[in-house]
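Read off the chains here:
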Amino acid sequence: MLSASKLLFLCFLGIVLLGGVTPSHAAVRRYRFELRNSTHSRLCTNKTMLTINGQFPGPTIYARRGDLVIVDVINRADHNITIHWHGVKMPRYPWSDGPEFVTQCPISPGTRFSQRIVLSDEEGTLWWHAHSEWYRNSVYGALIILPPRRESYPFPKPHQEVPILLGDWFNGDIQEIMEEFLGSGSDPEVSNSFLINGQPGDLHPCSRQDTLRLKVESGKTYLLRIVNAVMNNIMFFKIANHNVTVVGTDAAYTKRLTSDYIAISPGQTMDLLLVANQRPSHYYMASRAYASGGDFDNTTTTAILEYAGNYTPPASPALPSFPPFNSTAASHNFTTQLRSLANKNYPVDVPKNISDILFFTLSINLRPCANDSCEGPFSERLMASVNNVTLQLPRTDFLQAYYRRINGVYTTDFPDNPPFPFNYTQQTIPRDLARPQNGTSVNILDFNATVELVFQGTNLVGGIDHPMHLHGYSFYVVGSGFGNFNRTRDPPNYNLVDPPLMETIAVQRNGWTAIRFKANNPGVWFMHCHFERHVSWGMGMVFIVRDGPGRDEKMLPPPPDMPLC
């Protein structure tokens with residue numbers, strides 16, 4: 001006899017396959033992910049790390065818009081793990097979203113979890129990654145969502161499509177690095193190199209033979225699917241002597257934007273058209289960090305663009321020149337040029353009548369340590385917060401507690417506004433304003449609420465950019481600027497015609513960014529900075545979106561194999 005939980009799950013699976021969650025043209029695709037400890041070598045250093053199927057980076061998942069993807073995650077390693085499907089909205093089904101202790105407890109060694117990835121309107125490049133501790137450094141891969149078979153891209157079909165994953169390599173053990181900086185209260189050590197498709201490039205020792213080489217033919221167009229999987233840096237990416245044309249970001253198409261470089265945040269994805277229109281030769285494809293403050297990895301990772309034909313290649317390929325490493329203007333100016341297609345086939349639906357106005361400050365904070373024993377500024381501990389609340393994750397995840405009505409796990413008082421206003425971006429801010437409060441609280445939204453959320457960066461402990469990511473939703477980026485947001489001056493300048501649709505956006509140093517979305521996806525959804533050190537310090541919060549009144553407006557039940565807490 002089937003248990004009640006299995007009957008509920010079979011009902012859910014029937015809804016999915018009959019088109020209640022995904023379109024009727026959807027296919028069901030299945031992948032097997034085995035988490036293993038495997039040994040890899042970079043920069044003349046061998047180390048054992050967590051990987052999926054022994055691959056670094058991990059396997060690429062291919063699907064079409066509206067498909068259901070089932071991924072059987074089997075933990076054959078010696079560490080807990082969760083996997084997040086970054087940018088997938090998971091309509092009504094947060095159970096497979098993945099953030100540890102937010103929507104699930106971890107998959108423990110020797111156990112398995114079949115995650116159901118419910119695709120809806122996403123089309124383009126997304127990615128997947130570990131969402132527990134710092135294991136996403138080696139557990140990540142691309143998720144490529146193609147149009148349905150009878151549809152095409154809103155641009156000419158490219159000759160070839162190439163995933164380009166930006167990552168980073170630490171010579172040390174990533175778990176030890178995380179534990180050391182959290183224990184000391186200081187910044188973490190920086191990576192030893194950046195990577196393109198898992199390789200540092202031939203500017204680094206022991207790397208020449210494994211450098212990625214992309215072979216191209218003159219006159220042909222290539223679609224580069226860029227993923228920034230770097231832990232703690234916004235990245236500049238550039239190809240020597242070539243322009244690229246942006247046609248999509250975060251699995252949503254954009255108006256064409258031609259540039260000789262891009263700036264891409266951790267968590268963000270971007271689709272670029274590259275035309276091989278230069279003299280046949282070898283050219284470096286390269287990436288390096290944009291860093292507005294603090295220590296950072298100052299290396300450059302490279303791949304080689306190789307034209308086909310008979311010619312004598314140069315002794316060393318041409319290397320692109322980048323904007324200055326600290327050019328906030330270069331990063332911000334690129335991002336603010338992105339626009340949605342906003343046409344008949346790809347319309348926008350920007351909320352106009354706003355029901356919920358939220359104002360969230362993003363701060364780096366300090367907390368005193370006993371006997372001045374910490375290694376952060378002023379011998380204090382570095383922390384981070386949203387609206388002065390430092391997130392403390394519970395041991396029973398928020399989603400289970402919400403669904404099963406378990407009391408005492410979280411509170412419902414996450415503030416709509418900061419607890420006290422001040423000049424958020426002034427040059428010097430009194431240190432007593434940098435003391436955050438610990439919290440395990442949520443902000444509750446009614447179903448179909450129309451939300452405007454303004455992120456305000458602060459200069460507490462020195463300002464820095466914050467790439468903010470919202471699970472379960474894409475949002476329209478309707479405005480941004482430097483300094484303090486002004487409720488009277490700034491909203492009249494919002495772009496409500498063709499703002500980009502994104503799920504990760506960099507809030508520039510000492511500036512603000514305004515987003516809008518409709519809360520039509522019931523469930524429990526994490527929002528956090530995608531700099532790994534910042535979310536480790538507590539820069540995150542949780543939304544609960546209530547069920548709607550309709551049959552198809554309610555959160556679906558959990559599967560029978562949810563990991564146990």
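Everything quoted here is computed from the prediction, not taken from an experiment.

## Considering the overall build of the protein
When you go through the protein residue by residue, the secondary structure sums to five helices and 32 strands. For 565 residues, the compact-globule formula gives about 24 Å, and the C-alpha radius of gyration of the protein, at 23 Å, lands near that figure. In terms of overall dimensions, the protein has C-alpha extents of about 70 × 60 × 55 Å along its principal axes. Here the protein, with 565 residues, has 62% of them falling under the buried criterion. Pairs at least 24 residues apart make up 80% of the contacts formed inside the protein by residues separated by at least 6 positions. In the form shown here, the protein has an accessible surface area of approximately 21700 Å², with 48% of it arising from carbon and sulfur atoms.

## Considerations on the packing of aromatic side chains
This structure, assessed with the given rule, holds 28 aromatic pairs. Seen from their ring centres, Phe33 and Trp85 are 6.0 Å apart, and the 40° between their planes marks the pair as tilted. Placement of Phe33 in strand β1 (residues 28-42) and of Trp85 in strand β5 (residues 83-86) is noted, with a sequence separation of 52 residues between them. Both residues of the pair, Phe33 and Trp85, count as buried.

## Details of the state of the cysteines
For the structure shown, the criterion picks out three disulfides. One disulfide in the model links Cys105 with Cys565; its S-S distance is 1.9 Å. One disulfide, between Cys105 and Cys565, carries an S-S torsion of 80° and so falls in the right-handed class. With Cys105 in the loop between β5 and β6 (112-118) and Cys565 in the segment after β32 (540-545), the pair connects residues that are 460 residues apart, well separated along the chain. By relative accessible area, Cys565 is classed as exposed at 60%. Bonded cysteines in the protein are paired 1-3, 2-6, 4-5 when counted in the order they occur along the chain.

## Considerations on the UniProt feature "domain: Plastocyanin-like" (unreviewed entry) in the protein
Here, UniProt's "domain: Plastocyanin-like" (unreviewed entry) annotation points to residues 36-148, 161-310 and 414-547. Taken end to end, residues 161-310 has its terminal C-alpha atoms 24 Å apart, with 7% of it in helix and 48% in strand.

## Some remarks on the side chain of His242
Tracing the chain through its elements places His242 in the loop between β13 (234-239) and β14 (244-249). Given the relative accessible area of 3%, His242 is considered buried. A polar contact of 2.7 Å, which involves the side chain of His242, links it to the backbone oxygen of Ala240. Contacts of His242, omitting those with residues within four sequence positions, involve Asp260, Leu274, Val275, Asn277, Gln278, Tyr283, Leu305 and Tyr307.

Procedures and definitions
- Residues numbered from 1 in each chain as written.
- Predicted model: local features only at pLDDT ≥ 70, side-chain atom pairs only at ≥ 80, totals over all residues.
- Heavy atoms only, no water.
- Helix = DSSP H or I, 4+ residues; strand = E, 2+ residues; numbered from the N terminus.
- Rg over C-alpha atoms; globule rule 2.2 N^0.38 Å.
- Buried < 20%, exposed > 50% of the residue type's maximum accessible area, 1.4 Å probe, protein only.
- Contact = heavy atoms within 4.5 Å.
- Areas by Shrake-Rupley, 256 points an atom, 1.4 Å probe, with all protein chains shown as cover.
- Phe/Tyr/Trp six-rings, centres within 6.5 Å; stacked < 30°, edge-to-face > 60°.
- Disulfide = S-S within 2.5 Å.
- UniProt positions renumbered as here; feature names shortened; annotations may be inferred.
- Polar contact = N/O pair within 3.5 Å; in protein donor to acceptor, adjacent residues only side chain to side chain.

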